[in-house]
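Spelled out from the first residue to the last, the chains are:
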Amino acid sequence: MTVTVHDRREALAHFHLVYEDLVEVICDAGNYGPTSALSTRYAELVEEYRVAYAAVQAYLEHFLEANVALRQPFIRLSVRPTLAELIETDTGGLIPDILATRRAIVAYQQHLAQVPA
């Protein structure tokens, strides 16, 4: 089955919603600690995030800056089994990864906006 531009736009829109939810949880945990509620929400979102990312990964990774792509920032946001571990093992890379992934999402959205449907 051929993936259409419309399909790619819908997949990106879904991924972007899940991504923003996950990033909000991560940022809140960075500010307030990995509370029970945030940890539960992270656990709920991780699998949905991974599935949504798999649908856009082949396209979206092309929009990461070359020096960032090697770090696999989209994957790093969900690689730890718990939110507490993600926050505790952060050595200052989470915020740059979030910024880089947001830039890639915007670039891909702009690209898809210019492609005829």
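Since this is a predicted model, take the numbers as computed values, not measurements.

## Some words on helix α6 (residues 94-114)
Then, in step 1: For α6, built from 21 residues, the straight-helix expectation of 30 Å at 1.5 Å per residue is met to within 8% by its first-to-last C-alpha distance of 30 Å.
Then, in step 2: Among the residues making up α6, those that are buried are L94, D97, I98, A100, T101, A104, I105, Y108 and L112. Each buried residue of α6 lies within a common arc of 165 degrees when the element is viewed along its axis, so the set occupies one face. Those residues of α6 that are exposed and aimed more than 90 degrees away from the buried face are A113 and Q114.
Then, in step 3: Next to the buried residues of α6 lie α1 (5-32), α2 (36-60), α3 (66-69), α4 (73-76) and α5 (83-88).

## Some remarks on the nonpolar core
As a rule of thumb, soluble globular proteins bury nonpolar side chains together.
Then, in step 1: In this structure, F15, Y19, I26, L60, F74 and L77 are the most contacted members of the largest nonpolar core, which totals 32 residues.
Then, in step 2: Residues within four places of Y19 in sequence aside, it is in contact with Y49, F74, L77, I98, T101, R102 and I105.

## Quick notes on the pattern of salt bridges
Then, in step 1: Applying the stated rule across the entire model yields seven salt bridges.
Then, in step 2: One salt bridge connects D97 with R71, and the closest N-O pair in it is separated by 2.7 Å. A residue pair is termed long-range when its members are at least 10 positions apart, and D97 in helix α6 and R71 in the loop between α3 and α4 qualify at 26 residues.
Then, in step 3: Residue R71 is classed as partly exposed on the basis of its relative accessible area of 33%.
Then, in step 4: Linked through salt bridges whose partners overlap, the residues forming this network are D21, R41 and E44.

Definitions and limits used
Residues numbered from 1 in each chain as written. Predicted model: local features only at pLDDT ≥ 70, side-chain atom pairs only at ≥ 80, totals over all residues. Heavy atoms only, no water. Helix = DSSP H or I, 4+ residues; strand = E, 2+ residues; numbered from the N terminus. Expected span 1.5 Å × (residues − 1). Buried < 20%, exposed > 50% of the residue type's maximum accessible area, 1.4 Å probe, protein only. Arc of directions from axis to C-beta. Contact = heavy atoms within 4.5 Å. Core = buried A, V, L, I, M, F, W, Y, C linked by side-chain atoms within 4.5 Å. Salt bridge = Lys/Arg side-chain N within 4 Å of Asp/Glu carboxyl O.

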